[in-house]
Amino acid sequence: MIDRKLPPAFGQVEKIELIKPKPIILGNGLKVFSINGGGQDLIRIEFIFENIAYDASKPLQSYATNTMLNDGTSELSSSDIADKIDYFGAFLQTDFSNDQSSVTLYSLNKHLSETLPIVKAIISDSIFPQVELDTLIRNQKQKLSVNLEKNDFLSRKIFNSVLFGNTLYGYDTRAEDYDRLTQVHLQEYFSLAYQPENCTVVVSGKVTDDALKLIDELFGESWTGGKSVGPNNFNFYLGTGKEHYVEKADALQSAIRLGKVSINRSHLDFPGMQVLNTILGGYFGSRLMANIREDKGYTYGIGSALVSMKNTGYFFIASEVGADVCSSALDEIQKEINILKTETVNDLELDLVRNYMLGSMLGGLENAMSHADKFKNIYFSDLGYEYYRDYINTVRTITPIEIQELANKYLDWDGLEKVVVGKKD
Amino acid sequence: MVSFERFTLDNGLRVLVHEDPTTPMAVLNILYDVGARDEDPEQTGFAHLFEHLMFGGSVNIPSYDEPLQRVGGENNAFTSNDITNYYITLPAVNLETAFWLESDRMLNLAFSEKSLEVQRNVVGEEFKQRYLNQPYGDVWLKLRPLAYKEHPYKWATIGKSLKHIEDATIEDVKKFFNRHYNPSNAIMVVGGDVKLGEVKRLSERWFGTIPAIGKVARKLPAEPVQTEERIETVRANVPLDAIYKVFHMPARTDQGYYPAELISDVLSRGNSSRLFRNLLKDQKLFSEINAYLTGSLDAGLFIIEGKPLPGVTMETAEAAIWTELDRMKNEAVPEHELTKVKNKMESTMVFAEMSLLDKAMNLAYFELLGDADQLNTETAKYLAVTADDIQKHAQDIFRKENSSTLYYLAN
């Protein structure tokens, strides 16, 4: 008979191997990094551009330029682009984040010679037709009106604006800013930002010699451009930890978002803070989940995270909780933060978190594309692979005292901006 | 191509093994052949509530999540109208922990009153977060009973109302467990850096001693053929009007499913699709428009949903949708367009092989459909669809008397 009460023997993750990319510099100076691996005949090619020259009077300029890249070039209409991409079973994505604008192609290798030239066309020759811009403005304003009815969306918007003010990070979307978008703004930004000097290419999946040759042909010497002006540079100041309450009379739940400006990946405390954050709200078994969901049943989910951006980082806790228990939920969050500051975490919990984090890191390295994602994290923070070595080392060795010190250094209830959208009981 | 081996334990548990030595991880996925369609009409939302309770401790192990996280693992689960699916990913060296945890909760649960009470609240908050406190969140609570009159697809997985969840008792929980959670009602897939021999040994060791209970035959009321167009109008505090139009269509296992899915792709997949290009971009009638399928095991629904732009009347919007549907019925899809949606389907199937967890879930699901190997012949079925099949099925599906329309209007 087996003893079902007895857990099977287990081991800690011993080895985490990261695949480093092969760097190539093309004739025009374009930096290409490739990670080859995987059995499927697929390739992902990302063209990543730094966000630059943010102008608060045209806050949507860089976003709209990125979103409209597949809306037409001097040779191809938006439907030509869509037809070709879809016909060859490829996926073409534009993504806009706080620091970067990117264009990503997923393609079967066998069709790459048909699909990749389209990417070349859109990043070197987009024209932003007025009729397409009208469509964007019309539809995005409609979507915004729906999103503004979501408490969670509103809480993010207010939170970002409170933390990051009048910068791209803090931009508080308004319908009238869509109306102010013009073709000229987009063309201006396009010629400034979409340049080889401002671009990094990351290739992953099954990266064949043919694929690299094609990339060189299309994006090497034949792609020329001007000087880059350098990425956005914002400064932020710690707020004073205020309440920002927006009442919604008929809300069944309230969206809570608490947080503050914090450190980013390049700070030495960052890995340790990741451990602290995991304990507090970074996984299903975290203290916030255990208390506020699994013990009290106040919410379907609650979590916290430390987010790294180029110019800063921030820490936040977010949840949607029953309107009738909103104040109690806030009290419990405050309690959990204070416990981290006043008591050391016990070994049983800390060992669990160590193992969980290492397992989770290992699980996050599923294929060449996930290895490429790990590379981007450090590359765009100007860090090398030592970062991961140090991270793994910190996860394995950080002590309960060090965690408590980090909590006292970085977390304090009074310093958190407290956004609540919904109803307080 | 997803390779696998298969064996069945004496108690009826089916086990599939997918060896993938390229990863240091392992996956253990268990699909239980029970979903919201198996619920008592007076106790809806129960399959999903029960899924939450599966994490509330089992007969020999007080906490499910804690020991798994301790060995570097993660898990989750989902419930649909058809199935309940649980999955674990963990470093392959710790595979046995997954067997220990999953077998104990298949053997028996702890049935803790505290867990039931808390999860009733958690699911209540989930109900609010997803369905009630969101603009348009309750659409499916209204569409299902409009489209289905008899079949249990007439209620959503979350349940008809919060009340059904609040009323659940521990006795109900036990009954549900005994009826549905047993080896012959489950399909287990173990994948990743694992070996068939080892999986056999662990399966026998941990699951072999769980008593066999016969599979309960499913007797669901068939949905009568719809003979009249159905229309419902609701008003709510939303910023934009919306239209939802649903049609009955073949079940997931029916040959007719394949042409229907390609029809939805022609209409709505990607920026080259017809609804997007014609109704949103060219005619400027909608700010959003989509077509998709429920893909359910019993006869399902083909859905078209859109938000007309301000100033566009519902009549105009609806007429434009019908123009596109009639075109599907009256004209053969051009060769180029058909090849396009097939190519997209083919590459999607290749992309799905990138993820170990997706592979494991797909194997379990196709095994439930009849044979896991169908996962590997699925692409061929889409490629075999002709323009004629598409037209025929479009004629079959897109009929007024087969439709239910929900006008969701802004107050």
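The structure presented is a predicted model; accordingly, all values stated were derived computationally and were not measured. Within each chain, residues carry numbers counting from 1 in the order of the written sequence. Chains and ligands are labelled by the order in which they are written, letters from A for the one and numbers from 1 for the other. In view of the model being predicted, local features appear only for residues whose pLDDT reaches at least 70, and side-chain atom pairs are presented and counted only at 80 or more, with totals across whole chains, interfaces and linings using the full set of residues.

Asks: Help me out: how do you make sense of the overall build of chain B in this one?
Replies: Only DSSP runs of H or I with at least four residues qualify as helices, and only runs of E with at least two residues qualify as strands; both kinds are numbered from the N terminus onward. Helix and strand counts for chain B come out as 15 helices and eleven strands. Radius of gyration here is computed from C-alpha atoms only, and the compact-globule reference equals 2.2 Å multiplied by the residue count raised to the power 0.38. Rg of the C-alpha trace for chain B: 23 Å, near the compact-globule value of 22 Å for 411 residues, within the 12% margin. Overall, chain B is about 65 × 45 × 35 Å in size when its C-alpha atoms are taken along their principal axes. With 411 residues in all, chain B has 50% of them scored as buried. The contact criterion used here is simple: two residues whose C-beta atoms, placed from the backbone, lie within 7 Å are in contact. Taking contacts inside chain B between residues at least 6 apart in sequence as the whole, the part at least 24 apart equals 80%. Any residue with 12 or fewer other C-beta atoms within 10 Å of its own C-beta is exposed, any with 20 or more is buried, and the rest are partly exposed; the C-beta atoms used are placed from the backbone.

Asks: What am I meant to see in the sheet that holds strand S1 (residues 22-25) of chain A here?
Replies: Sheet strands line up and pair through hydrogen bonds in the backbone, either parallel or antiparallel. All names here are of chain A. On the basis of which strands lie adjacent, the open sheet formed by six strands has the order S1-S2-S6-S3-S5-S4 and mixed pairing. Because the sheet does not close on itself, it has two edges, and the strands there are S1 and strand S4 (91-96). The average undirected angle you get between the axes of adjacent strands in this sheet is 15°. At least two DSSP bridges between two strands are needed for those strands to be called paired. Of the strand pairs in this sheet, strand S3 (residues 42-50) and strand S5 (residues 100-108) are connected by nine bridges, and their pairing is antiparallel. Bridge assignment links Ile45 to a residue of S5, and that residue is Leu105. Here an angle of 0 to 180 degrees is reported between the N-to-C directions of two axes, which are lines fitted to C-alpha atoms, with helices fitted over the stretch in contact.

Asks: Help me understand the nonpolar core in this model?
Replies: For soluble globular proteins, the rule of thumb is that nonpolar side chains tend to be buried together. Counting 74 residues, the largest nonpolar core has Ala26, Leu31, Met188, Val190, Leu363 and Ala364 of chain B as its most contacted members. Per-element accounting of this core gives the leading share, eight residues, to helix H13 (residues 356-369) of chain B. The nonpolar core criterion groups buried Ala, Val, Leu, Ile, Met, Phe, Trp, Tyr and Cys residues into a set whenever they are joined through C-beta atoms within 7 Å. Judged by nonpolar contacts, the second largest core, of 53 residues, contains Phe159, Leu168, Val321 and Leu416 of chain A.

Asks: What exactly am I supposed to notice about the interface of chain A and chain B here?
Replies: A common way to report how large an interface is uses the accessible area buried once the components associate. In this complex, chain A contributes 53 residues to the contact, which on the side of chain B involves 56 residues. Mapped onto the side of chain A that touches chain B, the elements with two or more residues apiece are helix H2 (78-87), helix H4 (130-147), helix H10 (287-295), strand S9 (299-308), strand S10 (313-322) and helix H12 (347-363) of chain A. Looking at the side of chain A that touches chain B element by element, the count peaks at eight residues for H12 of chain A. Gly counts as polar in this scheme, as do all residues outside two lists: the nonpolar Ala, Val, Leu, Ile, Met, Phe, Trp, Tyr, Cys and Pro, and the charged Asp, Glu, Lys and Arg. The residue inventory of the side of chain A that touches chain B, partitioned by class, reads 20 nonpolar, 20 polar and 13 charged.

Asks: Help me understand the confidence of the model for chain B, please; the structure alone is not making it clear to me.
Replies: Predicted coordinates in areas of low pLDDT are best not read in detail. When pLDDT is averaged across chain B, the result is 95; 100% of the residues are at 70 or more. As scored by the predictor, the complex reaches a pTM of 0.94 and an ipTM of 0.92. Each residue carries a pLDDT score, the predictor's own confidence in it, on a scale running from 0 to 100.

Asks: I tried to follow the confidence of the model for chain A on my own but got confused; where do I start?
Replies: Chain-level statistics for chain A give a pLDDT mean of 94 and a share of 100% at 70 or above. Across chain A, helix H9 (residues 270-282) of chain A holds the top mean pLDDT of 98, while strand S7 (residues 243-247) of chain A sits lowest at 93.

Asks: Help me understand the pairing of strand S2 (residues 31-36) of chain A, please; the structure alone is not making it clear to me.
Replies: Every other side chain in a regular strand lies on the same face of the sheet, so the side chains alternate between the two faces. All names here are of chain A. The sheet contact formed by S1 and S2 spans four bridges and is antiparallel. Counterpart to Ile25 in the pairing with S2 is Lys31. Hairpin connection from S1 to S2: five residues lie between these consecutive antiparallel strands, with Gly29 at a positive phi of about 90°. In this structure, S2 lies alongside strand S6 (residues 199-205), joined through six bridges in parallel fashion. Along S6, the bridge assignment pairs Val32 with Val201.

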